[in-house]
Amino acid sequence: MIFTVNPILIAAAVIPAVILLVRVERLDRLEKESTGLLLSLVVFGIVSTSVAALGERIGIAVLNRLFAQESVLCDVLLYFGVVAFSEEGAKYVLLKRRTWRSPEFNCQFDGVVYGVFVALGFALWENIGYVAMYGLSTALIRAVTAVPGHACFGVFMGVWYGMAKRREGAGDEAGSKRMRVRALLIPALLHGFYDFVASRESEAGSLIFIVFVILMFVTAYRLVRHVSDNDSYIQSYRFGFWG
């Protein structure tokens, strides 16, 4: 189906993600990641859409059996429990599988790069699907909401993922586990709130959504700059060297 879509629509779906990927990659000051690794992370992000879709399908089927549809409780469980954890969980599992033991993961900011590349691989593929179905107007809306939104989720995941790697390098395995839990939990909660508020059909809901998105974007931007400006090599306590 993708090859029958207007190339302009495909470009509109892809370009926002590419711009954000390039921006984050340029902030990696100490040691650039290999092109092969970065491309594989985008592919893993694309694969995670299928993993997330399966989780969502199962979760929705369970919700429909246990709760009344179109209730607030059902929406909360849907957006926070099913959608958010299916999508962020799929990203996290594939992110960790590809990068945790990679010799290239030797700086804390690498975690941010990896998290954003997986997240934007997910967003890129999801965006192509939406644009193919709904057209250019959808691409324009998602270019300023959903795609940067996934990038922000990737930032929050990557910041704590990088911290987890630093804690492991320092020999603090318990601290590393706590950071890995946060790397999944924080973006999942943000994602759930994003989707839940976006689903509210009211002026108050729209206002809350706009304020939330602005605050999330500003916070993510500041986090990226802070981690980039203060990046350093990760010390391995096991071997007594950096990296």
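Here the structure is a predicted model, which is why all the values come from computation and not from measurement.

Q: It is not clear to me how the overall build of the protein chain should be interpreted in this structure. Could you clarify?
A: Across its full length, the protein chain holds eight helices and two strands. Along its sequence from the N terminus, the protein chain presents helices and strands in the succession α-α-α-α-α-α-α-α-β-β. Long-range contacts, defined as pairs at least 24 residues apart, comprise 79% of the intrachain contacts of the protein chain with a sequence gap of at least 6.

Q: What should I look at first to understand the packing of helix α3 (residues 72-99) against helix α7 (residues 173-198) in this one?
A: When two helices pack together, their arrangement is given by the angle between the helix axes and by the axis-to-axis distance. α7 packs onto α3 with a crossing angle of 140 degrees between their chain directions and a minimal axis gap of 8 Å. It follows from the interaxial angle that α3 and α7 lie oblique. Crossing handedness for the pair α3 and α7: right-handed.

Q: What am I meant to see in a nonpolar patch on the surface here?
A: Together, Leu54, Ile58, Val62 and Leu66 line one region of the surface with nonpolar side chains, adding up to about 390 Å² of accessible area. Topologically, leucine 66 is positioned in helix α2 (residues 35-66).

Q: Explain the nonpolar core here, please?
A: Buried together is how nonpolar side chains tend to be arranged in soluble globular proteins. In terms of nonpolar packing, the biggest core is built from 54 residues, with Tyr114, Leu120, Tyr161, Tyr194 and Met216 touching the most fellow members. Sorting the residues of this core by element identifies α1 (7-26), α2, α3, α4 (108-134), α6 (146-169), α7 and α8 (203-229) as the ones contributing at least two each. Sequence-distant contacts of tyrosine 194, that is, excluding residues within four places in its chain, are made with Thr145, Ala146, Phe153, Phe209, Phe212, Val213 and Met216.

Q: So what exactly am I meant to see when it comes to the environment of leucine 223 here?
A: One can find leucine 223 in helix α8. As a C-alpha pair, leucine 223 and valine 155 span 68 residues in sequence and 7.8 Å in three-dimensional space. Not counting the four nearest positions on each side in its chain, leucine 223 is found in contact with Val155, Phe156 and Val159.

Q: Would you explain the pattern of salt bridges in this entry?
A: Pairing between side chains of opposite charge can happen when their charged atoms approach one another. On inspection of all chains with the given rule, the structure shows six salt bridges. Several salt bridges share partner residues, and in doing so they unite Arg101, Lys165 and Glu168 into one network.

Q: Explanation requested: the environment of serine 48 in the structure shown.
A: Relative to the helices and strands, serine 48 resides in helix α2. Owing to a relative accessible area of 0%, serine 48 belongs among the buried residues under this scheme. When the C-alpha atoms of serine 48 and phenylalanine 122 are compared, they prove to be 6.5 Å apart, with 74 residues separating the residues in sequence. Apart from the residues lying within four places of it in its own chain, the contact partners of serine 48 are Ala90, Lys91, Leu94 and Phe122.

Q: Sorry, what's going on with the confidence of the model for the protein chain here?
A: Close inspection of predicted coordinates is inappropriate for parts of the model with low pLDDT. Scored by pLDDT, the protein chain comes out at a mean of 87, with 89% of its residues at no less than 70. For the protein chain, the element scoring lowest by mean pLDDT is strand β2 (residues 241-242), at 42; α7 scores highest, at 96. In this model, residues 237-243 is a region of pLDDT below 50 whose contacts with residues beyond four sequence positions or in other chains number 13 contacts.

Q: What is the right way to read the packing of α3 against α6 from this model?
A: For the pair α3 and α6, the least separation of the axes is 12 Å and the interaxial angle reads 50 degrees. Here α3 lies oblique to α6, going by the angle between them. Here α3 runs over α6; the crossing is right-handed. Taking contact as the criterion, the partners of Glu87, Glu88, Lys91, Tyr92, Leu95, Lys96 and Thr99 in α3 are, on α6, His150, Phe153, Met157 and Tyr161.

Q: What's the story with the packing of aromatic side chains in this structure? I'm lost.
A: What characterises a pair of aromatic rings is the spacing of the ring centres plus the angle enclosed by the ring planes. Counting across every chain of the model gives nine aromatic pairs. Between phenylalanine 80 and phenylalanine 196, the aromatic rings sit 6.2 Å apart at their centres with planes inclined by 45 degrees, giving tilted as the arrangement. Here phenylalanine 196 lies in helix α7 and phenylalanine 80 lies in helix α3, a separation of 116 residues in the sequence. Given the relative accessible area of 21%, phenylalanine 80 is considered partly exposed. The ring centre of tryptophan 100 lies 4.7 Å from the NZ or CZ of lysine 165, which sits over that ring. Over the face of the ring belonging to phenylalanine 196 we find arginine 200, whose NZ or CZ atom lies 4.5 Å from the ring centre.

Q: For this particular structure, what's the right way to read the side chain of arginine 180?
A: One can find arginine 180 in helix α7. Those residues in contact with arginine 180, other than ones at most four positions away along the chain, are Tyr92, Lys96, Trp100, Ala164 and Glu173.

Q: Before we go on, may I ask you to explain α2 in this structure?
A: Working note: α-helix, 3.6 residues per turn, so residues spaced by three or four point in the same direction. Counted at 1.5 Å a residue, the expected span for α2 with its 32 residues is 46 Å, and the 46 Å between its end C-alpha atoms agrees. Turning to α2, its buried residues number three or more, namely Leu37, Leu38, Ser40, Leu41, Val42, Gly45, Ser48, Thr49, Ala52, Glu56, Gly59 and Leu63.

Cut-offs applied
Note that residues are indexed from 1 along each chain, following the sequence as it is written. This being a predicted model, a pLDDT of at least 70 is required before a residue's local features are given, and a value of 80 or more before pairs of side-chain atoms are given or counted; all residues contribute to the totals for chains, interfaces and linings. Derived side-chain values reflect all non-hydrogen atoms in the structure, with water molecules and hydrogen atoms excluded from consideration. Strands are runs of DSSP state E lasting at least 2 residues, helices are runs of H or I lasting at least 4, and numbering of each runs from the N terminus. Whether two residues are in contact is decided by their heavy atoms: any pair within 4.5 Å suffices. Only the contacting stretch of a helix is used when fitting its axis, a line to C-alpha atoms as for every element, and angles between N-to-C directions run 0 to 180 degrees. These descriptions rest on fixed angle ranges, namely under 35 degrees for roughly parallel, over 145 for roughly antiparallel, 65 to 115 for roughly perpendicular, and the rest for oblique. In this scheme the handedness of a crossing depends on how the near helix is turned from the far one: anticlockwise by less than a right angle means left-handed, clockwise means right-handed. Patch definition: residues with relative accessible area over 30% and no salt bridge; like charges joined within 9 Å; nonpolar side chains (Val, Leu, Ile, Met, Phe, Trp, Tyr) joined within 5 Å. Here the open area of atoms and residues is found with the Shrake-Rupley method and a 1.4 Å probe, where only the protein chains shown may cover a residue. Here, a salt bridge means any Lys or Arg side-chain nitrogen found within 4 Å of an Asp or Glu carboxyl oxygen. What makes a nonpolar core is a set of buried Ala, Val, Leu, Ile, Met, Phe, Trp, Tyr and Cys residues whose side-chain atoms join them at distances within 4.5 Å. Relative accessibility decides the category of a residue: with a 1.4 Å probe and only protein chains considered, values under 20% of the type maximum give buried, values over 50% give exposed, and everything between is partly exposed. As a per-residue measure, pLDDT reflects the predictor's confidence and takes values from 0 up to 100. Here a Phe, Tyr or Trp ring, Trp counted by its six-membered ring, pairs with any other such ring whose centre lies within 6.5 Å, and the pair is stacked when the planes are under 30 degrees apart, edge-to-face when over 60, and tilted otherwise. Both a distance and an angle decide whether a charge sits over a ring: NZ of Lys or CZ of Arg must be within 6 Å of the ring centre and within 35 degrees of the ring normal. Here the expected span of a helix is defined as 1.5 Å times the quantity of residues minus one.

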